[in-house]
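Chain residues, written in single-letter form:
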Amino acid sequence: MTEKITERAILCGVHRDLPDRTEDTTDETIAELRELAKTAGAEVVGVMVQNKDHPETAAYFGEGKLEELKSSIAALGADLLIFDDELTGSQIRNIEDITGVRVIDRSTLILDIFASRARSKEGKIQVELAQLRYNLPRLTGLGTQLSRLGGGIGTRGPGETKLESDRRHIHRRIEALEEQLAEVERHRDLLRGRRTKDGVVTAALVGYTNAGKSTLMNRLTGSDIFAADMLFATLDPTVRSLELSDGRNAVIVDTVGFIRKLPHHLIKAFRSTLEEAAEADVLVHVIDASDPEMQTHIAVADGLLEELGCKAARTVAVFNKCDVAPPLSPRPRGRYTDYVSVSAATGEGLGRLMEILEDALPGKKREVSLLFPYSDSGEAARLHDTEVILEEEYTDAGIKMRILADEAVYARVKKWEA
Ligand SMILES: Nc1nc2c(ncn2[C@@H]2O[C@H](COP(=O)(O)OP(=O)(O)OP(=O)(O)O)[C@@H](O)[C@H]2O)c(=O)[nH]1
Ligand SMILES: [Mg+2]
């Protein structure tokens, strides 16, 4: 057995005062980068942030800061630098030349975590595609570094050996993966099409990573999906059936979480998976209401939903973790049709959430009282085959029934309404 060597990382970022906080490198994005680094298995030994409008084109930091970085590396015994912004191939090469240690960026880190989490065939293809597309323009930087050090964060995953090959090889690999992905997608479209045909309605859980989507899914459906206090615990979309009180066929889909500065290639590669969410009848945006960064998280998720062209007729904002969150303040605006405060951990508010979902999902059934004269008893009998009968009584006036009816059934039986 080989001993696993933990990489000792210094986190690097520039702090700029931007009005749009979703792009800003602040204490919070560095804190998030720290979580990502930990998730990927690195030990964070230091942080270096420079106040600056933009990173430098040549080597991200200015000269003075790079000197400081070199001393820190020596003092802390660091062997990995993780930058909070996407780096170009030449930036990676320059920084590595100056500092003598391996350099990765936030996107590479996220891709690495995805690579270690991918379980399904589709997930693996998507991650490898994203890694290859991301690394292709950075090959010159990566080539030397890989042969020199071999392995570590950012080099794992299905694509690792391929990265050392030439561009043409990678292009061929990308093409092959795209074909495979198209094949898997066709299969999934087929399944989704079948669900639609069978009148199954869908709710999709979306939201920032670690918001509690999987925990909520488990609570609502009594399943046992992996949920944990870590970033990107879920990668592959999971579908479970959701029991509605009127007997409608519904499913709920759990999806991969969102994060600030999600690598563009990853969004592209995961587009089809996320389309599963985009095409749901109802979107359930799960928000960690206990997180001080809640508003930014909502903005990031909204931005990504927009980019993915999510067009669900209704979006429900679910403020989760109310057991540990401060009392809920502002009512969300914009795309949200409903909102509710819940705790997936304790179960609080889930009854209300189910009511909202039952209302929001198409084909809602309602109770109707009917009276069939005995001359129309054939119609009454027909309902037995297809509808939920709550009550039935044979009276002098005819057959009295209470049933659950959707719009179509209601239109058919309206004339017997009592
Ligand atoms: N206190 C509290 N913790 C919760 C609640 N819901 C979820 N959590 C915790 O939050 C953490 C993340 O939960 P997950 O369900 O894995 O979150 P997720 O949104 O699926 O995250 P990703 O799959 O990583 O995107 C876990 O440690 C849960 O136990 C809640 O209502 N209250
Ligand atoms: Mg999850």
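Scroll up to find the structure this text is about.
Residues numbered from 1 in each chain as written. Chains lettered and ligands numbered in written order. Predicted model: local features only at pLDDT ≥ 70, side-chain atom pairs only at ≥ 80, totals over all residues.

Novice: What exactly am I supposed to notice about the overall build of the protein chain here?
Specialist: Each helix and strand in the protein chain was counted, giving 14 helices and 13 strands. Counting over 418 residues, the protein chain shows a buried share of 39%. For the protein chain, the share of sequence-separated contacts (at least 6 apart) that also reach a separation of at least 24 residues comes to 67%. (Helix = DSSP H or I, 4+ residues; strand = E, 2+ residues; numbered from the N terminus. Buried ≥ 20, exposed ≤ 12 C-beta atoms within 10 Å, placed from the backbone. Contact = placed C-beta atoms within 7 Å.)

Novice: Mind showing me how you'd approach the site of ligand 1 here?
Specialist: The local shell around ligand 1 holds 22 residues, among which Gly212, Ser214, Asp229, Thr234 and Gly257 are the closest. Sorting elements by how many residues they give to the shell around ligand 1 places helix H8 (residues 213-221) first, with three residues. (Near = placed C-beta within 6 Å.)

Novice: How should I be thinking about the pairing of strand E4 (residues 102-105) in this particular structure?
Specialist: Along any regular strand, the residues point their side chains to alternate faces of the sheet. Both faces of E4 are covered, namely the face carrying Arg102 and Ile104 and the face carrying Val103 and Asp105. In terms of strand pairing, strand E3 (residues 80-83) meets E4 through four bridges, oriented parallel. Following the sheet pairing, leucine 81 is matched in E4 by valine 103. Since E3 and E4 lie parallel, the crossover through helix H3 (residues 89-99) that links them has a hand, and here it is right-handed. (Pairing = 2+ DSSP bridges. Right-handed = clockwise from strand over helix to strand, strands pointing away.)

Novice: Teacher, can you tell me more about the packing of helix H5 (residues 121-135) against helix H7 (residues 167-197) here?
Specialist: Two quantities define a packed helix pair, namely the angle between the helix axes and the distance between the axes. It is the contact of H5 with H7, at a shortest axis distance of 10 Å, that shows an interaxial angle of 150 degrees. In this view, H5 runs roughly antiparallel relative to H7, as classed from their interaxial angle. H7 is crossed by H5, and the crossing has left-handed handedness. Across the interface between the two elements, Lys121, Glu122, Ile125, Gln126, Glu128, Leu129, Leu132 and Arg133 of H5 pack against Ile170, Arg173, Ile174, Leu177, Glu178, Gln180, Leu181 and Val184 of H7. A breakdown of the residues in the contact of H5 with H7 according to their chemical character gives eight nonpolar, two polar and six charged. (Axes fitted to C-alpha atoms, helices over the stretch in contact; angles between N-to-C directions. Parallel < 35°, antiparallel > 145°, perpendicular 65-115°, else oblique. Left-handed = near helix turned anticlockwise from the far one by under 90°. Nonpolar A, V, L, I, M, F, W, Y, C, P; charged D, E, K, R; others polar.)

Novice: I tried to follow the sheet that holds strand E12 (residues 388-394) on my own but got confused; where do I start?
Specialist: Sheet strands pair by backbone hydrogen bonding; their relative direction is either parallel or antiparallel. Read from one edge to the other, the open sheet built from three strands follows the order E11-E13-E12, with strand pairing classed as antiparallel. Edge positions in the sheet fall to strand E11 (366-372) and E12, since each has one partner strand and no second. Here the average twist between neighbouring strands, direction ignored, is 15 degrees. Across six bridges, E12 lies against strand E13 (residues 399-405) in antiparallel orientation. Residue pairing across strands places valine 388 opposite leucine 404, the latter belonging to E13. Here helix H13 (residues 377-386) sits on the sheet in contact with E11, E12 and E13, set at roughly 40 degrees to E13.

Novice: Quick question: what am I supposed to make of the sheet that holds strand E9 (residues 314-320) here?
Specialist: With respect to topology, six strands assemble into an open sheet ordered E6-E7-E5-E8-E9-E10, the strand pairing being mixed. On the outer flanks of this sheet lie strand E6 (238-243) and strand E10 (338-341), each paired with one strand and no other. Across the sheet, the mean angle separating the axes of adjacent strands is 25 degrees when strand polarity is ignored. Direction of pairing for strand E5 (residues 201-206) relative to strand E7 (residues 249-254): parallel, over a ladder of five bridges. The residue bridging alanine 204 from the neighbouring strand is valine 253, located in E7. In the packing of H8 onto the sheet, contacts are made with E5, E6, E7, strand E8 (282-288) and E9, and the angle to E7 comes to roughly 155 degrees. In this fold helix H11 (residues 294-307) packs onto E5 and E8, with an angle of close to 155 degrees to the strand it touches most, E8.

Novice: How should I be thinking about the packing of helix H4 (residues 106-117) against H5 in this particular structure?
Specialist: Put simply, H4 and H5 touch, their axes get as near as 9 Å, and they point 155 degrees apart. Considering their axes alone, H4 and H5 lie roughly antiparallel with respect to each other. Between H4 and H5 the crossing geometry is left-handed. Residues Ser107, Leu111, Phe114 and Ala115 of H4 lie in contact with H5, whose contacting residues are Val127, Ala130, Gln131 and Tyr134. Among the residues making up the contact of H4 with H5, the classes are represented as six nonpolar, two polar and no charged.

Novice: Which parts of the structure should I look at to understand helix H12 (residues 350-360)?
Specialist: Residues spaced three or four apart along an α-helix face the same direction, because each turn holds 3.6 residues. Those residues of H12 that fall on the buried side of the exposure criterion are Leu353, Leu357 and Ala360. The buried side chains of H12 occupy one side of the element, clustering within an arc of 70 degrees when seen end-on. Of the surrounding secondary structure, the elements contacted by the buried residues of H12 are E5, E8, E9 and E10. (Arc of directions from axis to C-beta.)

Taken by themselves, the reported measurements are silent on function.
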